[in-house]
Amino acid sequence: MEFISTSPYPTTVNSSLVSNNIKWDKPPEGYFKLNTDGSSLRTSGAAACGGLIRNSLGRWVVGFARNIGITSALGAEFWGVRDGLIMARNWGIQNIIMEMDSLIVFKLLSNYDSINHPFHTMILECRELMAQIPHVRLRHIFREANQCADHLAAIGHTVTGFVCFVNCPQGLGLYLDADVRGIGFPRT
């Protein structure tokens, strides 16, 4: 607004813009929530992913980080979903809401027409894993509501292979606490 008001050129402001508070929401009673994220560095293509599962109180259940090697950002996102689903299945979780900030991954997992997609095999594997968990809901979220998974994906760049965290890693506690308390991030 300051820039617009000082501009020498005539400008109109869209007054319909609304600021929303974007935040992570606890899953309903009896459900767990899986948040995943992928990361690929533009300069080197080095990729990683991470994710975590929380209970209906928002408390840490388990998390992970993986150093993938070289792949695209989309590939890293699929690795995160795959690893998160394997972890949920292995922990015996029956009811899960899976959230990701990649709209493309969300759409590809929701739509059965992916036969010609370069990640078709990974998409099928993720769908098969989803079928092994009795109740799975997919949700696309803004990245501001996915800070914990983003942090774990960043950790993935610093580890070798796959790391499972049964306790919340150092440095993630502040994000986790903000999520549990419902503190969001402004988005316009």
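Our subject is the structure that appears above.
Described in the following lines is the structure provided in the data block.

Definitions and limits used
Residues numbered from 1 in each chain as written. Predicted model: local features only at pLDDT ≥ 70, side-chain atom pairs only at ≥ 80, totals over all residues. Heavy atoms only, no water. Helix = DSSP H or I, 4+ residues; strand = E, 2+ residues; numbered from the N terminus. Polar contact = N/O pair within 3.5 Å; in protein donor to acceptor, adjacent residues only side chain to side chain. Contact = heavy atoms within 4.5 Å. Pairing = 2+ DSSP bridges. Axes fitted to C-alpha atoms, helices over the stretch in contact; angles between N-to-C directions. Salt bridge = Lys/Arg side-chain N within 4 Å of Asp/Glu carboxyl O. Buried < 20%, exposed > 50% of the residue type's maximum accessible area, 1.4 Å probe, protein only. Expected span 1.5 Å × (residues − 1).

**Some thoughts on the side chain of Asp179**
Moving on, step 1. In this fold, Asp179 is placed in helix α6 (residues 173–180).
Moving on, step 2. Among the polar contacts made by the side chain of Asp179, one reaches the side chain of Arg54 at a distance of 2.8 Å.
Moving on, step 3. When residues no more than four places from it in sequence are discounted, the contact partners of Asp179 are Trp24, Arg54 and Cys148.

**Considering the sheet that holds strand β4 (residues 60–70)**
Moving on, step 1. The six strands are arranged β6-β5-β2-β3-β4-β7 in an open sheet whose pairing can be described as mixed. Sheet topology places β6 (135–140) and β7 (162–165) at the edges, where each strand pairs with a single neighbour. Taken over all neighbouring pairs, the strand axes of this sheet differ in orientation by 15° on average, direction set aside.

**Quick word on the pattern of salt bridges**
Moving on, step 1. Taken as a whole and assessed by the stated rule, the structure comprises eight salt bridges.
Moving on, step 2. Linking Asp83 and Arg66 is a salt bridge whose minimum nitrogen-to-oxygen distance equals 2.6 Å. Here Arg66 lies in strand β4 and Asp83 lies in helix α2 (residues 73–90), a separation of 17 residues in the sequence. Arg66 carries the same exposure label as Asp83, and that label is buried.
Moving on, step 3. In this structure, Asp83 engages Arg82 in a salt bridge whose closest nitrogen and oxygen atoms are separated by 2.8 Å. Take Asp83 and Arg82: they sit in the same class, and that class is buried.

**Topic: α2**
Moving on, step 1. Taking 1.5 Å per residue, 18 residues should reach 26 Å; α2 reaches 26 Å between its end C-alpha atoms and fits that length.
Moving on, step 2. Across the 18 residues that make up α2, a large majority, 14, are buried.
Moving on, step 3. In the segment just after α2, Gly92 is the residue with positive phi, at about 75°.

Structural measurements only, silent on function.
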